[in-house]
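# Descriptive structure summary
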Amino acid sequence: MNLVNQSFKIIGQDDVMKHVELCGRVSTMSFDKMNENSHKNFSKRLENANHGSVLEHGSIYLQFPNKQSIPSKILESPYSDLRRGGEKESGDYYIYTNLRVLFDNDKEFYNKVKEALLESKKFVDENIKFFEPSEDDQFKRVTIEIITYKQIETETVRHRTGSYTINSTRFINFFKTGVSFVDVSKWLVNNKSILLYKLMCKLSEFAYRKLLKWGNQRQFAASVLLYSHKSDMFMTMSIEKWKMFFNLRCSGKGAHPAIAEISDGVREEFLNRGYIK
């Protein structure tokens, strides 16, 4: 049994398709299978399985010469943001969206964009090009890897404007990877409470291992894991949506202390990076 602390890390998106693979592999903890070209087959498997939720982590920023050239379903999607360029930018239109919006609404355009990404092109075609938002652009989407526990995970995913990929208790064999719980000792009132908590973690791990040893499927053996069982998750939202998250989940907002700990830390990092003021 391992006791770990909560943590978070901002994950940059230098390569969209590799970023999608990184976020997707947390569900099975199969990071060891990543290599220079694995993202190509990984995206195909997502498409064939119609597993679009992982594609949401692939942030797409496209510049169009006029509104008419934007695919209508992508423009109308509630998961796309539109900005009109200023006079110095020739009045172009800028779309902030994600790969799932393209995949679900216009597969022909999705394949066109994906091909350009895989070939590291700056243009989708002669009229449509990729752009990179500024650090403080409120429509810029930011991915955070969060280490927390199941109770806090369920509170986090209530923010429905976010995109999430999370450890799967159905597919991961924690007998092999190690059963971990988040150490909540600092929030317990005395040593007796801490000792009892740690005992329950050990009993939970013991029961999980026994159920697996007796031939039970992982998805049923996981039923005995405590609510404090460690959860590794990737969460992606625009800076604008992250600010809404902070308004509800930071300290002093009546939030659970554990989610406030994460939210306070992410907000401070956003301030340091100039994402927010």
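Scroll up a little and you will see the structure.
To keep things clear, this report deals only with the structure shown in the data block. Along every chain, residues carry numbers that run from 1 in the direction the sequence is written. With the structure being a predicted model, the display of local features is reserved for residues of pLDDT at least 70 and the display and counting of side-chain atom pairs for 80 or more, all residues being used for whole-chain, interface and lining totals. Side-chain figures throughout are based on the complete set of non-hydrogen atoms in the structure, without hydrogens or water.

What follows covers the overall build of the protein chain. Only DSSP runs of H or I covering at least 4 residues are called helices, and only runs of E covering at least 2 are called strands; the numbering of each starts at the N terminus. Scanning the protein chain for helices and strands turns up 12 helices and 10 strands. The principal-axis extent of the C-alpha atoms belonging to the protein chain is close to 65 × 45 × 30 Å. Residues classed as buried in the protein chain amount to 47% of the 277 residues present. Accessible surface for the protein chain amounts to roughly 14,800 Å². Of this, 48% is attributable to carbon and sulfur atoms. Each residue is assigned to one of three classes by its accessible area relative to the maximum for its type, calculated with a 1.4 Å probe on protein chains only: buried under 20%, partly exposed between the two thresholds, exposed over 50%. Exposure was quantified through the Shrake-Rupley algorithm and a 1.4 Å probe, taking into account, for residues, occlusion by the shown protein chains and nothing else.

This part takes up the nonpolar core. Among soluble globular proteins, nonpolar side chains are generally buried collectively. For the purposes of this section, nonpolar cores are sets of buried Ala, Val, Leu, Ile, Met, Phe, Trp, Tyr and Cys residues that join through side-chain atoms within 4.5 Å. The biggest cluster of nonpolar side chains holds 37 residues, and the ones touching the most others in it are Val 142, Ile 144, Tyr 208, Trp 242, Phe 246 and Phe 270. Of all the secondary structure elements, the ones that give two or more residues to this core are β7 (141–149), β8 (163–166), β9 (180–182), α9 (191–213), β10 (230–238), α11 (239–249) and α12 (257–273). The element that contributes the greatest number of residues to this core is α12, accounting for 5 residues. Ile 74, Ile 95, Val 113 and Leu 117 belong to the second-largest nonpolar core, a separate cluster that totals 26 residues.

Think of it this way: DSSP has to see at least two bridges between two strands before they count as a pair. Taking strand neighbours across the sheet as the criterion, the 4 strands line up as β2-β7-β10-β8 in an open arrangement whose pairing is antiparallel. Looking at which strands have only one partner, the edges of the open sheet turn out to be β2 (7–11) and β8. Strand after strand, the sheet turns through a mean of 20° between neighbouring axes, direction not considered. Running over the sheet, α12 touches β2 and β7 and is turned about 35° from β2. What counts as an axis is a line fitted to C-alpha atoms, over the stretch in contact for a helix, and the angles between N-to-C directions run from 0 to 180 degrees. What makes two residues a contact is simply this: any of their non-hydrogen atoms within 4.5 Å.

For each structure, a 1 Å grid was placed over the protein atoms alone; sets of points admitting a 1.4 Å probe that cannot get out are labelled cavities, open sets with protein on both sides within 12 Å along at least five of seven lines are labelled pockets, and lining residues have an atom within 4 Å of a point. Grid points are joined across faces, edges and corners, and a volume is the space filled by probe spheres set on the points. This structure, assessed with the given rule, holds 1 cavity of 30 Å³ or more. Taken as a whole, the largest cavity encloses approximately 30 Å³ of empty space. Ile 146, Thr 148, Ile 152, Thr 156, Met 233, Ile 259 and Ile 262 together form the lining of the largest cavity. For the lining of the largest cavity, the secondary-structure elements that each account for two or more residues are β7, α7 (150–156) and α12.

To continue, consider the packing of helix α2 (residues 38–48) against helix α6 (residues 107–118). In contact at an axis separation of 12 Å, α2 and α6 are set at 165° when each is read in the N-to-C sense. Classified by the interaxial angle, the pair formed by α2 and α6 is roughly antiparallel. Crossing handedness for the pair α2 and α6: right-handed. Together, His 39, Lys 40, Ser 43, Lys 44 and Glu 47 of α2 and Tyr 110, Lys 114 and Leu 118 of α6 make up the contact between the two elements. For classification purposes, an angle smaller than 35 degrees is called roughly parallel, one larger than 145 roughly antiparallel, one from 65 to 115 roughly perpendicular, and anything else oblique. Left-handed is the label given to a crossing in which the near helix is rotated counterclockwise from the far helix by less than a right angle, and right-handed is the label when the rotation is clockwise.

Two elements in contact, α11 and α12, have axes whose closest approach is 9 Å; the angle formed by their N-to-C orientations is 140°. With respect to their mutual orientation, α11 and α12 come out oblique. Crossing geometry of α11 relative to α12 is assigned as left-handed. Across the interface between the two elements, Trp 242, Phe 245, Phe 246 and Arg 249 from α11 touch Ile 259, Ala 260, Ser 263, Val 266, Arg 267 and Phe 270 from α12. Considered class by class, the residues forming the contact of α11 with α12 number 7 nonpolar, 1 polar and 2 charged. Polar here means any residue outside two lists: the nonpolar Ala, Val, Leu, Ile, Met, Phe, Trp, Tyr, Cys and Pro, and the charged Asp, Glu, Lys and Arg; Gly therefore counts as polar.

Planes of paired rings set the category: under 30 degrees apart is stacked, over 60 is edge-to-face and the rest tilted, where pairs are Phe, Tyr or Trp rings (Trp by its six-membered ring) whose centres lie within 6.5 Å. One pass over the structure, following the stated rule, counts 14 aromatic pairs. Through a chain of ring-to-ring contacts, the aromatic side chains of Tyr 61, Tyr 94, Tyr 96, Phe 131 and Phe 139 assemble into a single cluster. The cationic tip of Arg 83 hangs over the ring face of Tyr 94; the distance from NZ or CZ to the ring centre is 4.4 Å. Comment: the charge-over-ring label is applied if NZ (Lys) or CZ (Arg) is within 6 Å of the ring centre and within 35 degrees of the ring normal. A cation sits over an aromatic face here: Lys 107 above Phe 103, 4.4 Å from the ring centre.

What follows concerns the pattern of salt bridges. Here, a salt bridge means any side-chain nitrogen of Lys or Arg that lies within 4 Å of a carboxyl oxygen of Asp or Glu. Counted under the stated rule, the structure contains 16 salt bridges. For the salt bridge of Arg 100 with Glu 56, the shortest nitrogen-to-oxygen distance reads 2.6 Å. Here Arg 100, found in helix α5 (residues 99–105), pairs with Glu 56, found in the loop between α3 (52–55) and β3 (59–64); they are 44 residues apart in sequence, far enough to count as distant. A single salt-bridge network, built from bridges that share partners, covers Glu 56, Arg 100 and Asp 104.

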